[in-house]
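# Residue-level structural notes
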Amino acid sequence: MKKIEHIGIAVENLEFSNQLFEKLLGVAAYHSESVAHEGVETLFFKSGPNKIELLAATNPESSIAKFLAKKGEGIHHIAFEVDDIEQEIIRLKQEGFIFIDEFPKKGADNKRVVFLHPKNTNGVLIELCQEIK
Ligand code: ZN
């Protein structure tokens, strides 16, 4: 794994949190995107070399809606950038980690993404992401 690519934060109201994070970080979001198949709307902020992804649900069956109902707002996942997502999946499966999805999917911000199951990662949802070139 190369580095933490971003930290994902689950929010109830994307418009409210957009203003909140704009004030907090002193910059406007640089990217917004809906990922229909995940039932999620996202906003991305840069803070120096680091990124924050805000996630809000667009349908009540989405994993973000379920997370919010169960845990409330807060840190949702930590995303690590990788060079070769298939290779990392193989490596981590050999180490005994469980993945939520069998194969990488198209995620927000021009990435292919896959999530590890938090039950094997101390309760932290881990995303692997690889930039689409
Ligand atoms: Zn993410």
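In what follows, the accompanying structure is described. (Residues numbered from 1 in each chain as written. Predicted model: local features only at pLDDT ≥ 70, side-chain atom pairs only at ≥ 80, totals over all residues. Heavy atoms only, no water.)

## Remarks on the overall build of the protein chain
Basically, it comes down to this: The helix and strand labels rest on DSSP assignments: H or I over at least four residues marks a helix, E over at least two residues marks a strand, and numbering proceeds from the N terminus. In this description the radius of gyration comes from C-alpha coordinates, and the expected globular size is given by 2.2 Å times residues to the power 0.38. Each residue is placed in one exposure class: buried if its accessible area under a 1.4 Å probe, protein chains only, is under 20% of its type's maximum, exposed if it is over 50%, and partly exposed if it falls in between. Should any heavy atoms of two residues lie within 4.5 Å, those residues are considered in contact.
When its secondary structure is counted, the protein chain shows 3 helices and 8 strands. In the protein chain, the order of α-helices and β-strands from amino to carboxyl end is β-α-β-β-β-α-β-α-β-β-β. Taken over C-alpha atoms, the radius of gyration comes to 14 Å for the protein chain, in line with the 14 Å a tight globule of 133 residues would show. Summarising its shape, the C-alpha atoms of the protein chain cover approximately 45 × 30 × 25 Å along the three principal directions. The buried share of the protein chain, reckoned over its 133 residues, is 41%. For the protein chain, restricting intrachain contacts to residue pairs at least 6 apart in sequence, the fraction spanning at least 24 positions comes to 53%.

## What to know about helix α3 (residues 85-94)
Heads up, the condition is: Throughout, the arc means that of the directions going from the helix axis to the C-beta atoms. Side-chain atoms alone can form a polar contact between residues adjacent in sequence; in general such a contact is a pair of N or O atoms within 3.5 Å, and within protein one must be able to donate a hydrogen while the other accepts it.
Among the residues making up α3, those that are buried are Ile85, Glu88, Ile89 and Leu92. The arc enclosing the buried residues of α3, seen along the axis, measures out at 105°, which places them on a common side. Packing partners of the buried residues in α3 comprise β7 (111-116) and β8 (126-131). Where α3 begins, one side-chain oxygen reaches toward the backbone nitrogen of Glu86, 3.3 Å away; that side chain belongs to Asp84. Residue Gly96 follows α3 closely and has a positive phi angle near 100°.

## Details of the layout of surface pockets
Rules: Whether a set of points on the 1 Å grid over the protein atoms alone is a cavity depends on a 1.4 Å probe fitting there but being unable to get out, while an open set qualifies as a pocket with protein on both sides within 12 Å along at least five of seven lines; lining residues are those with an atom within 4 Å of a point. Grid points are joined across faces, edges and corners, and a volume is the space filled by probe spheres set on the points. Following the grouping adopted for this structure description, the nonpolar residues are Ala, Val, Leu, Ile, Met, Phe, Trp, Tyr, Cys and Pro, the charged ones are Asp, Glu, Lys and Arg, and the polar ones are all others, Gly among them.
Roughly 710 Å³ of volume is contained in the largest pocket. Taken together, 34 residues make up the lining of the largest pocket; nearest its centre are Ser63, Ile64, His76, Phe115 and Leu125. Of all the secondary structure elements, the ones that give two or more residues to the lining of the largest pocket are β1 (3-10), β3 (40-47), β4 (50-57), α2 (63-71), β5 (74-81), β6 (105-107) and β7. Grouping the constituent residues of the lining of the largest pocket by class yields 14 nonpolar, 8 polar and 12 charged.

Shape descriptors only; they carry no functional weight alone.
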